[in-house]
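Coordinates in review
Next come the chains, spelled out residue by residue.
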Amino acid sequence: MGSERQSNVKQSYRAQRILNGDTWLNDALIIINGEGTIDAIEPFNPQRHAVFIELGEVSLLPGMIDSHVHGAKGYDVMDASHDSLNCMSRYFASLGVTAFVATTVTAPVAKIRAALQQVAKSKQQGVAGAEILGAYLEGPYFTEKNCGAHPITWFRNLSVEELDNWISYSDNQLVTVALAPEKAGALEAIRYLRKQGVKVMLGHTDASYDQVQQALDAGASGIVHCYNGMRGLHHRDPGVVGAGLTHPNSYVEMIADGHHVHSAAIDIAHRCCGNRMTLITDAMSATGMPDGDYTLGEYTVHMKNGVVTTDSGSLAGSTLTLPRAVQNIQKWLNLPLEQAWLMASLTPAKSLGLQHLLGSLEVGKRASMVAVQSDFSITKTWVNGRLVFETESVPSQEALCI
């Protein structure tokens, strides 16, 4: 694992091309200051640029952000363990992911509390790879009809007092709460959470179009894994999907793995919501692992050919990685690489209110970035200017966290 941590020392990198904002700059140099912030991105000039690190024939892109992920490599956020979060972090860095939001599932209160407390501790302590942005509470405020892999035994009624407890357990590191907007007290909860700076997403819900519109108008930020775990789109009943795709303030999470949503349905969503479409993985512990049985929250789930299901056959999270999601979107929607990539970097940064710091390579932003070869392999990953992954020192992803 590389360790290019310099204090108050500028570092310059030359690459075949650099994505500056949303525009490619060929044969360019990026200059990073000792604080891990980008000082300049400019065309390479041999007269001016004498000292630099040559990255070779790579594209330098912003680090991806997984704003909804449960686990990977046999580890899960619900383990409530620093080792689990650290190993996930290292694996994500090998995929070009530089930040993630650690996501819980519906479980007994004590288990969720332990997971939130650990996310806060690990964020403060620091992890070896992709940085932890905070916690995402997915459940227990959902609707039985669209429960997915969330056990209804542990579903709860909304209470501002309890929401306050979650915020407190997470040491104010709770960044997202998912809930079903038809539940009693939902609008009050949304307004309260927004005042506390917590983003609200709508999911695992049978809400009507009007209920979702009201929730989004009240300050909810979007819909959880679009099409999955929600009332679908019907021409006389636009439902959750119809409201989420058309509301101007709605970020739309999408699992682009080819199993959760048909590519044509993703195309329809993209035509409706454009750059509000946010690529997520919703990945769980089986990601990067062989077929077999794994745990997701309170359930034992089964992976076969990379698809994870519960005993009843419901999809149970995914084994998707963000590079694969970007490649799928690029192919299915016939988009240029940079446009597909920014759906996994800049759009999630915007959805989290972090676009001034992360999501694109621009002067003044953090140098969380990735060197990518033409075959889409990741050769180096930096988080805030610090090299956290390089292929030379880690011959294969299998060498991580075994």
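Here the structure is shown first, and the text comes after it.
Residues numbered from 1 in each chain as written. Predicted model: local features only at pLDDT ≥ 70, side-chain atom pairs only at ≥ 80, totals over all residues. Heavy atoms only, no water.

1. A closer look at empty space enclosed by the protein
Using the following cut-off: A cavity, in this analysis, means grid points on a 1 Å lattice covering only the protein atoms where a 1.4 Å probe fits yet has no way out; a pocket is instead an open set bounded by protein on both sides within 12 Å along at least five of seven lines, and a residue lines either one if it has an atom within 4 Å of a point. Grid points are joined across faces, edges and corners, and a volume is the space filled by probe spheres set on the points. Under the scheme applied, nonpolar residues are Ala, Val, Leu, Ile, Met, Phe, Trp, Tyr, Cys and Pro; charged residues are Asp, Glu, Lys and Arg; polar residues are all the others, including Gly.
Inspection of the entire model under this criterion finds two cavities of 30 Å³ or more. Approximately 50 Å³ is the volume attributed to the largest cavity. The wall of the largest cavity is formed by D66, Y91, F92, L95, V97, T281, A283, T287, L320, T321 and L322. Among the residues forming the lining of the largest cavity, the class breakdown is seven nonpolar, three polar and one charged.

2. Things to note about the nonpolar core
As a reminder of what qualifies: Think of a nonpolar core as a cluster: buried Ala, Val, Leu, Ile, Met, Phe, Trp, Tyr and Cys residues, connected wherever their side-chain atoms sit within 4.5 Å. Throughout, exposure labels follow a simple rule: accessible area from a 1.4 Å probe, protein chains only, divided by the maximum for the residue type, with under 20% read as buried, over 50% as exposed, and the rest as partly exposed. Each helix is a run of DSSP H or I of at least 4 residues and each strand a run of E of at least 2, with the numbering of both proceeding from the N terminus. Any two residues having at least one pair of non-hydrogen atoms within 4.5 Å are treated as being in contact.
Of all hydrophobic cores here, the largest spans 101 residues; its most connected members are L202, I329 and W341. Residue contributions to this core peak at six residues, all from helix α1 (residues 82–94). Setting aside residues up to four positions removed in sequence, I329 forms contacts with A256, I266, M277, L279, N334, L335, A340 and M343. Residues Y13, A28, V58 and L60 belong to the second largest nonpolar core, which totals 17 residues.

3. Comments concerning the side chain of T176
Residue position: T176 is located in strand β11 (residues 174–179). Judged by its relative accessible area of 0%, T176 falls in the buried class.

4. A word on the pairing of strand β3 (residues 38–43)
Short version of the rule: Strand pairing is assigned whenever DSSP identifies at least 2 bridges connecting the two strands.
With five bridges joining them, strand β2 (residues 23–32) and β3 adopt antiparallel strand pairing. What sits directly across from I31, in β3, is A40. In textbook terms, the turn of a hairpin is the stretch between consecutive antiparallel strands, and for β2 and β3 this stretch comprises five residues, one of which, G36, has a positive phi near 80°.

5. So, the layout of surface pockets
Counted as a void, the largest pocket has a volume near 810 Å³. Taken together, 42 residues form the lining of the largest pocket, with K123, E131, I132, L133 and R366 sitting closest to its centre. Secondary-structure elements contributing two or more residues to the lining of the largest pocket are α2 (109–125), β10 (131–138), β11 and α10 (346–351). For the lining of the largest pocket, a count of residues per class yields 15 nonpolar, 17 polar and ten charged.

6. Remarks on the sheet that holds strand β17 (residues 299–304)
The cut-off we apply is this: Interaxial angle, 0 to 180 degrees, is taken between N-to-C directions of lines fitted to C-alpha atoms, where a helix line uses only the stretch in contact.
Spatial strand order, β16-β17-β18: three strands in an open sheet with antiparallel pairing. The two strands at the open ends of the sheet, each matched to only one other strand, are β16 (292–296) and β18 (307–309). The average angle at which neighbouring strand axes cross in this sheet is 35°, direction not considered. Relative to β18, β17 is paired through three bridges, and the arrangement is antiparallel. Looking at β18, one finds that K304 is bridged to V307.

7. A closer look at the pairing of β11
Put simply, the test is: Clockwise travel from the first strand over the helix to the second, with the strands pointing away from the viewer, marks a crossover as right-handed.
With respect to burial, β11 is a largely interior element, five of its six residues being buried. In the classification by handedness, the crossover that spans β10, the intervening helix α3 (residues 160–169) and the parallel β11 is right-handed. Of the strand pairs in this sheet, β11 and strand β12 (residues 199–202) are connected by four bridges, and their pairing is parallel. The partner of T176 across the bridge, within β12, is K199.

8. So, helix α8 (residues 322–332)
Regarding α8, the residues found buried are L322, P323, A325, V326, N328 and I329. Summarising the contacts, the buried residues of α8 are in contact with β6 (64–69), β9 (97–103), α7 (263–273), β15 (277–280) and α9 (337–342). Note on α8: the residue one or two positions beyond its end, N334, has a positive phi of about 55°.

9. Notes on the pattern of salt bridges
To keep it simple, the criterion reads: Any carboxyl oxygen of Asp or Glu that lies within 4 Å of a side-chain nitrogen of Lys or Arg is treated as forming a salt bridge with it.
Under the counting rule described, the total for this entry stands at twelve salt bridges. The closest approach of N and O atoms between R231 and D206, which form a salt bridge, is 3.3 Å. Placement of the pair is R231 in the loop between β13 (222–223) and α6 (239–246) and D206 in the loop between β12 and α5 (209–217), with a sequence separation of 25 residues. Residue E390 pairs with K380 through a salt bridge whose shortest N-O separation is 3.1 Å. One end of the pair, E390, is in strand β21 (residues 386–390); the other, K380, is in strand β20 (residues 378–383), with ten residues separating them in the sequence. With respect to burial, E390 and K380 carry one shared label: buried. Each of K145, D206, R231 and D237 takes part in salt bridges that share partners, so that together they form one network.

10. Topic: the sheet that holds strand β14 (residues 251–255)
Spatial ordering of the open sheet is given by β6-β9-β10-β11-β12-β13-β14-β15, a layout of eight strands whose pairing is parallel. Each having just a single partner strand, β6 and β15 make up the two edges of the open sheet. In terms of strand pairing, β14 meets β15 through four bridges, oriented parallel. Across the sheet, I255 pairs through a bridge with I280, a residue of β15. α8 rests against β6, β9 and β15 of the sheet, and its axis sits at about 135° to β15.

11. Some thoughts on the state of the cysteines
Note the threshold: Any cysteine sulfur atom paired with another within 2.5 Å is treated as part of a disulfide.
The tally for this structure, following the rule as stated, stands at zero disulfides. Note on C147: no disulfide assigned, nearest cysteine sulfur contributed by C226 at a separation of 19 Å. The buried category is assigned to C147, whose relative accessible area is 19%.

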